[in-house]
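Descriptive analysis of the structure
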Amino acid sequence: MAGESKGMRGRQSVRDMVLSMLAVGVVVWVGYLFLPHDADGDGVRPVDYRVAAATAKRAAPYPLLVPEGLSAKWRATSVTYNAAATNNGKGNAWHLGFVTPSGQYAAVEQSDIARDEVLKATVAGGKPEGTEDIAGQAWERVQGPKARALTVQTGSATTVLTGTASYEELAELARALK
C-alpha cells in the first residue's frame, strides 16, 4: 500500500507540473497578444513626432525644421525639444531621430548654439568634405570616424542631419524638411 501511495503521488506531481506549465503558457500568450511589441521584428518601436514638433515650433526662437512626406519606411524613434532655460544654458535644441529605409540611423539636430559646438557634439572628429546643393540650398558635408552629416546655417539656427545613414539618405531627409 505504501508503494501505491508513492506512485500515485508521483503521477499527481507530474500532472500538477504540466498543468502549471500550461497555465504559465496561457498567461504568456495573452500578454503577447495584448502588450505592444515590434511588428517588424527589428527592435524598433516607432514614435509619433507630430505633436512634439507642433509644440516645439511654438517654443523655438528659430524656424524649426520638421520632415514632411517621408515614406513609411522612415521610422521615427526619438524626439525631444529642450528650451535654453531647461537645457543648462546650452541653447534651444531640437532632436528627431529615425531608422532609415536601409536600416541606418539619421537624425535632425537643430540648435541656436555655435555651429562648431553642434558639429562637435553630433559628428565627433568630423572633417569637411565639400558641399552639396539640396533643394537650392548649399549643405556642407562632414565625415567623422563613426558618422557623417549634412549641415546648414538657417538664420540663428544650425541644422545638422547626422548619423550612419548615407549622404543620399541624409539628402532625402534634407529635401523633406519644412
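Worth saying up front: this structure is predicted, and the values here are computed from it rather than measured. (Residues numbered from 1 in each chain as written. Predicted model: local features only at pLDDT ≥ 70, side-chain atom pairs only at ≥ 80, totals over all residues. Heavy atoms only, no water.)

Turning our attention to the overall build of the chain. The helix and strand inventory of the chain stands at four helices and seven strands. Counting all 178 residues of the chain, 34% fall into the buried class. Within the chain, counting contacts between residues at least 6 apart in sequence, those at least 24 apart form 47% of the total. Element-wise, carbon and sulfur atoms account for 59% of the exposed surface of the chain, whose accessible area totals about 10,900 Å². (Helix = DSSP H or I, 4+ residues; strand = E, 2+ residues; numbered from the N terminus. Buried < 20%, exposed > 50% of the residue type's maximum accessible area, 1.4 Å probe, protein only. Contact = heavy atoms within 4.5 Å. Areas by Shrake-Rupley, 256 points an atom, 1.4 Å probe, with all protein chains shown as cover.)

Turning our eyes to something else, we now look at a nonpolar patch on the surface. Together, V14, V18, L19 and L22 make up an exposed nonpolar region whose accessible area comes to about 360 Å². On the accessibility criterion, L22 (53% relative accessible area) is exposed. (Patch = residues over 30% accessible without salt bridge, like charges linked within 9 Å, V, L, I, M, F, W, Y side chains within 5 Å. Salt bridge = Lys/Arg side-chain N within 4 Å of Asp/Glu carboxyl O.)

Glancing now at the confidence of the model for the chain. Per-residue confidence for the chain gives a mean pLDDT of 88; residues scoring 70 or more make up 87%. Helix α4 (residues 167–176) holds the highest mean pLDDT among the elements of the chain, 98, whereas helix α1 (residues 2–34) holds the lowest, 69. (pLDDT = per-residue confidence, 0-100.)

Turning next to the packing of aromatic side chains. In this structure the tally under the stated criterion is two aromatic pairs. Seen in terms of ring centroids, Y49 and F98 are 5.7 Å apart; in terms of plane orientation they differ by 80 degrees. Their pairing is edge-to-face. Remark: F98 occurs in strand β2 (residues 93–99) and Y49 occurs in the loop between α1 and α2 (50–59); sequence separation between them is 49 residues. Taking relative accessible area as the criterion, F98 reaches 1% and is therefore assigned buried. (Phe/Tyr/Trp six-rings, centres within 6.5 Å; stacked < 30°, edge-to-face > 60°.)

Bringing the sheet that holds strand β5 (residues 137–143) into the picture now. For sheets, the rule is that strands pair by backbone hydrogen bonds, running either parallel or antiparallel. If you walk across this open sheet you meet the seven strands as β1-β2-β3-β7-β6-β5-β4, and the pairing is antiparallel. Sheet topology places β1 (75–82) and β4 (127–134) at the edges, where each strand pairs with a single neighbour. Going across the sheet, the axis of each strand differs from the next one's by a mean of 20 degrees, ignoring polarity. Pairing of strand β3 (residues 105–111) with strand β7 (residues 157–163) involves six bridges; the strand directions are antiparallel. If you follow S111 over to β7, its bridge partner there is T158. Sheet contacts for α4: β2, β3, β4, β5, β6 (148–154) and β7; angle to β6, the most-contacted strand, approximately 30 degrees. (Pairing = 2+ DSSP bridges. Axes fitted to C-alpha atoms, helices over the stretch in contact; angles between N-to-C directions.)

Remark: the empty space left among the atoms is shown by a probe the size of a water molecule rolled over them. Size it by volume and the largest pocket reaches roughly 230 Å³. Surrounding the largest pocket, 15 residues form its lining, N87, A93, E109, S111 and I113 being those nearest its centre. Among the elements of the structure, β1, β2, β3 and α3 (115–122) are those that each provide at least two residues to the lining of the largest pocket. Here the element with the most residues in the lining of the largest pocket is α3; it accounts for four residues. Class assignment for the residues of the lining of the largest pocket results in five nonpolar, seven polar and three charged. (1 Å grid on protein atoms, 1.4 Å probe; cavity = no way out; pocket = protein on both sides within 12 Å on 5 of 7 lines; lining within 4 Å. Points joined across faces, edges and corners; volume = space filled by probe spheres on them. Nonpolar A, V, L, I, M, F, W, Y, C, P; charged D, E, K, R; others polar.)

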